[in-house]
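Each chain is listed here by its residues.
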Amino acid sequence: QVQLVESGGGLVQAGSSLRLSCAASGRTFSSYSMGWFRQAPGKEREFVAAISWSGGRTYYADSVKGRFTISRDNTKNTVYLQINSLKPEDTAVYYCAAGQSWSIVLVTPNYWGQGTQVTVSS
């Protein structure tokens with residue numbers, strides 16, 4: 001069982017930056033691939049970024065490449081999402097997710113956090 005708690009969201013102006021954090025419980029955190037998803041108002045949840053258990057492999061949605069950076073610190077059981085040059089269309093609830101394999105985290109993660117709201121004003 002893995003419990004995920006996101007933090008770092010808020011109301012920001014377009015062009016600014018945020019760093020989201022996701023703290024995970026459990027001693028097996030380092031064995032999980034981790035991901036970030038988001039859900040904008042009136043839209044379905046979409047994949048944003050993923051990172052392998054070692055941190056050696058990352059993958060991003062085309063819409064966020066070059067602006068978002070996913071990273072992890074296995075000594076702190078934490079995964080991060082650095083978001084730069086925020087746009088109003090980045091407004092969404094951002095969810096952290098954990099998967100027992102790379103393919104699982106990309107499509108059907110095993111565990112989800114409760115989400116953190118990011119609102120970008122123009």
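Scroll up a little and you will see the structure.
Reading guide: rules and limits
Residues numbered from 1 in each chain as written. Predicted model: local features only at pLDDT ≥ 70, side-chain atom pairs only at ≥ 80, totals over all residues. Heavy atoms only, no water. Helix = DSSP H or I, 4+ residues; strand = E, 2+ residues; numbered from the N terminus. Rg over C-alpha atoms; globule rule 2.2 N^0.38 Å. Buried < 20%, exposed > 50% of the residue type's maximum accessible area, 1.4 Å probe, protein only. Contact = heavy atoms within 4.5 Å. Areas by Shrake-Rupley, 256 points an atom, 1.4 Å probe, with all protein chains shown as cover. Disulfide = S-S within 2.5 Å. Pairing = 2+ DSSP bridges.

Participant: Sorry if this is basic, but what is going on with the overall build of the protein chain here?
Facilitator: If you tally the helices and strands in the protein chain, you get one helix and eleven strands. Starting at the N terminus and walking to the C terminus, you meet the elements of the protein chain as β-β-β-β-β-β-β-β-β-α-β-β. Over its C-alpha atoms the protein chain spans a radius of gyration of 13 Å, differing by no more than 12% from the 14 Å that the globule rule assigns to 122 residues. Taken over 122 residues, the protein chain has a buried fraction of 45%. Excluding contacts between residues fewer than 6 apart, the proportion of contacts in the protein chain whose partners are at least 24 apart in sequence is 58%. If you sum the accessible surface of the protein chain, you get close to 6,200 Å²; carbon and sulfur atoms cover 47% of it.

Participant: What is the right way to read the state of the cysteines from this model?
Facilitator: Simply put, disulfide is the name for a covalent bond between the sulfur atoms of two cysteines. If you walk through the whole model with that rule in mind, you get one disulfide. Shown here is the disulfide that connects cysteine 22 with cysteine 96, its sulfur atoms set 2.1 Å apart. Judged by the torsion about the S-S bond (-80 degrees), the cysteine 22/cysteine 96 disulfide is left-handed. A residue pair is termed long-range when its members are at least 10 positions apart, and cysteine 22 in strand β3 (residues 18–24) and cysteine 96 in strand β9 (residues 92–99) qualify at 74 residues. Across the pair, exposure class does not vary: cysteine 22 and cysteine 96 are buried alike.

Participant: Explanation requested: the pairing of β9 in the structure shown.
Facilitator: Along any regular strand, the residues point their side chains to alternate faces of the sheet. The buried fraction of β9 amounts to seven of the eight residues, a majority that puts the element mostly inside the structure. The sheet contact formed by strand β4 (residues 33–39) and β9 spans seven bridges and is antiparallel. Of the residues in β9, the one forming a bridge with serine 33 is glycine 99. The pairing of β9 with strand β11 (residues 116–121) spans three bridges and is classified as antiparallel. Pairing of valine 93 across the sheet is with glutamine 117, part of β11. Direction of pairing for β9 relative to strand β10 (residues 111–112): antiparallel, over a ladder of two bridges.

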